[in-house]
Amino acid sequence: MAVAGSAAALWAWPGLGPAGGAAGAGYALVLWLTLGAALRRAGGTFGPADVVTLVRAVLVGGVAALVADALAGGLAAEPGGARWVLVALAASALALDALDGRVARCTRTESPLGARFDMEVDSVLLLLLSADAAAGPTGPWVLAIGAMRYVFAGAGRALPWLRAPLPHSTARKAVAAVQGVVLVVLAAGVLPPPAGAAAAGAALALLCWSFGRDVVWLWRRRTVRPEGPTG
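Rules used throughout
- Residues numbered from 1 in each chain as written.
- Predicted model: local features only at pLDDT ≥ 70, side-chain atom pairs only at ≥ 80, totals over all residues.
- Heavy atoms only, no water.
- Core = buried A, V, L, I, M, F, W, Y, C linked by side-chain atoms within 4.5 Å.
- Buried < 20%, exposed > 50% of the residue type's maximum accessible area, 1.4 Å probe, protein only.
- Helix = DSSP H or I, 4+ residues; strand = E, 2+ residues; numbered from the N terminus.
- Contact = heavy atoms within 4.5 Å.
- Axes fitted to C-alpha atoms, helices over the stretch in contact; angles between N-to-C directions.
- Parallel < 35°, antiparallel > 145°, perpendicular 65-115°, else oblique.
- Left-handed = near helix turned anticlockwise from the far one by under 90°.
- pLDDT = per-residue confidence, 0-100.
- Expected span 1.5 Å × (residues − 1).
- Phe/Tyr/Trp six-rings, centres within 6.5 Å; stacked < 30°, edge-to-face > 60°.

Visitor: Can you walk me through the nonpolar core in this structure?
Guide: In globular proteins that are soluble, nonpolar side chains generally tend to be buried together. Among the nonpolar cores identified, the biggest contains 46 residues, and Val60, Val63, Leu66, Leu125, Leu129, Ile145 and Leu183 are the most heavily contacted of them. Where this core is concerned, the elements lending two or more residues are helix H2 (18–42), helix H3 (48–71), helix H4 (81–107), helix H5 (112–134), helix H6 (143–158), helix H7 (170–188) and helix H8 (193–220). For this core, the element with the highest residue contribution is H3, accounting for nine residues. Discounting chain neighbours no more than four positions away, the residues touching isoleucine 145 are Ser130, Gln179, Leu183, Ala200, Ala203, Leu204 and Leu207.

Here it is in structure tokens:
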């Protein structure tokens, strides 16, 4: 309801077009269905940190609506109020990312559902911002930043050892934060195209290193099935 309400508010100001309204409504529906199903499977309720993550998810819903509007050639595609609303929503969602984990630890309410919810909100935000950047002067290759996590997850369906739990990594979190900051800066349009492309390229290189390191760690610890009697 909060996501749908924010999309409706954006539609009224700064003049969100039909594509933005449809994206906001679709995002709200998918969030409601998937989160509800996850809660039923986990048999739990929201903790304080999950509420913070839900606030972030609502902000990302606004980003989804404005990015769709920009891709459709609406007001969010041009410098001005709508563009700065997009940047403000994305920056706020990124800033709150440092809060939900801290709240979970302080209140001792950490859970697998909360961690997964937080990761999915981060992934959707990066995908949206990279799609927005790909439509700009930087070029479509920036979409690799947002798509990489989904490619990794898809590979895990074919290679089960990629689905093993990964240890906590401060470096991984720092690299993810760099992606978000660079993409928000690109959305703001404050860098000249060559500088923006250089920043995005450096961010993508860091992301490749981070995923590559995790893949090597999982490969070395994969479970090898014993050979049969015939070898």
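Visitor: Which parts of the structure should I look at to understand the packing of H3 against H4?
Guide: Pairs of packed helices are described in terms of their axes, by the angle between the two and the distance that separates them. For the pair H3 and H4, interaxial distance at closest approach is 8 Å and the crossing angle is 160°. Looking at the two axes, H3 sits roughly antiparallel to H4. Crossing angle aside, the handedness with which H3 passes H4 is left-handed.

Visitor: Looking at this structure, how should I read the confidence of the model for the protein chain?
Guide: As a note on interpretation, predicted positions should not be read in detail where pLDDT is low. Confidence in the prediction for the protein chain averages 86 pLDDT; 90% of positions are at 70 or higher. At the low end of the mean pLDDT range in the protein chain sits helix H1 (residues 2–12), at 66; at the high end sits H8, at 95.

Visitor: Would you explain H2 in this entry?
Guide: Side chains that are three or four residues apart share a direction in an α-helix, a result of its 3.6 residues per turn. Taking 1.5 Å of rise per residue, the 25 residues of H2 would be expected to cover 36 Å, and the 36 Å separating its terminal C-alpha atoms lies within 8% of that figure. Those residues of H2 lying buried are Gly20, Gly21, Gly24, Tyr27, Ala28, Leu31, Leu35, Ala37 and Ala38. Two residues or fewer past H2, glycine 43 is found with a positive phi of approximately 65°.

Visitor: Please explain the environment of proline 160 as it appears in this structure.
Guide: Looking at the element boundaries, proline 160 is found in the loop between H6 and H7. According to the relative accessible area criterion, proline 160 is exposed, its value standing at 52%. When the C-alpha positions of proline 160 and alanine 133 are compared, they lie 32 Å apart, and in sequence the two are 27 residues distant.

Visitor: Could you clarify how one ought to interpret the packing of aromatic side chains in this entry?
Guide: Throughout the structure, instances matching the rule amount to two aromatic pairs. Measuring from centroid to centroid gives 5.5 Å for phenylalanine 152 and phenylalanine 211, while their planes differ by 55°, and the two rings are tilted. Taken as a pair, phenylalanine 152 in helix H6 and phenylalanine 211 in helix H8 lie far apart in primary sequence, 59 residues in all. You'll find phenylalanine 152 and phenylalanine 211 in the same group, each marked buried.

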